[in-house]
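# Fold and contact review
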Amino acid sequence: MHPTADLEAFCAFFNKLDKTCTNQLSEVYTAEVSFTDPLHHIEGLEALEGYFQNLYDNVTSCRFTFHERWQQEETAFVTWTMQLEHPRLDGGRRIEVEGCSHLRFAPDGRVARHRDYFDAGALLYERLPLLGGVIRRVKRQLGQ
């Protein structure tokens, strides 16, 4: 089934999201939103606003390119590539991580549940100065 206007609005919002619009999350999320990713679990719009504000205050740049979109009734999936620049990760160079979001929309068209799936090691652990080398070495050994 093709994406609806709700899913397209979600993607459009994330395409413009930065530290100046984290107070506009109520346009996309319900007050009782549940957000989960490999590093966090957040309940409620106020907590989600705090999370995004902190995230965007600490990054140089964070952008999403959305790819495949699928929606049936209130359930949707969208694949994406995140381009992140953070001064403390990988020397501030751009990091690209592939991921997928599983969304559940409320009847009013806003997101009630948002779960992101991505490789936390590729985003974070492999980019840390000492730990990164160890993790990359272990992954290489497991792949042989």
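This text goes with the structure placed above it.
A brief report on the enclosed structure follows. (Residues numbered from 1 in each chain as written. Predicted model: local features only at pLDDT ≥ 70, side-chain atom pairs only at ≥ 80, totals over all residues. Heavy atoms only, no water.)

What follows covers the pairing of strand E2 (residues 40-43). Note: strand E1 (residues 29-37) against E2, 4 bridges, orientation antiparallel. The residue of E2 that forms the bridge with Asp37 is His40. Where E1 folds back on E2, the antiparallel hairpin that results is connected by 2 residues. (Pairing = 2+ DSSP bridges. Helix = DSSP H or I, 4+ residues; strand = E, 2+ residues; numbered from the N terminus.)

Its 14 residues give helix H2 (residues 45-58) an end-to-end C-alpha distance of 20 Å, which sits within 8% of 20 Å, the value for a rise of 1.5 Å per residue. Listed as buried for H2 are Leu45, Leu48, Tyr51, Phe52 and Tyr56. Down the axis of H2, the smallest arc covering the buried residues is 120°, so these residues share one side. As for H2, its buried residues are in contact with helix H1 (5-16), E1, E2 and strand E3 (61-72). (Expected span 1.5 Å × (residues − 1). Buried < 20%, exposed > 50% of the residue type's maximum accessible area, 1.4 Å probe, protein only. Arc of directions from axis to C-beta. Contact = heavy atoms within 4.5 Å.)

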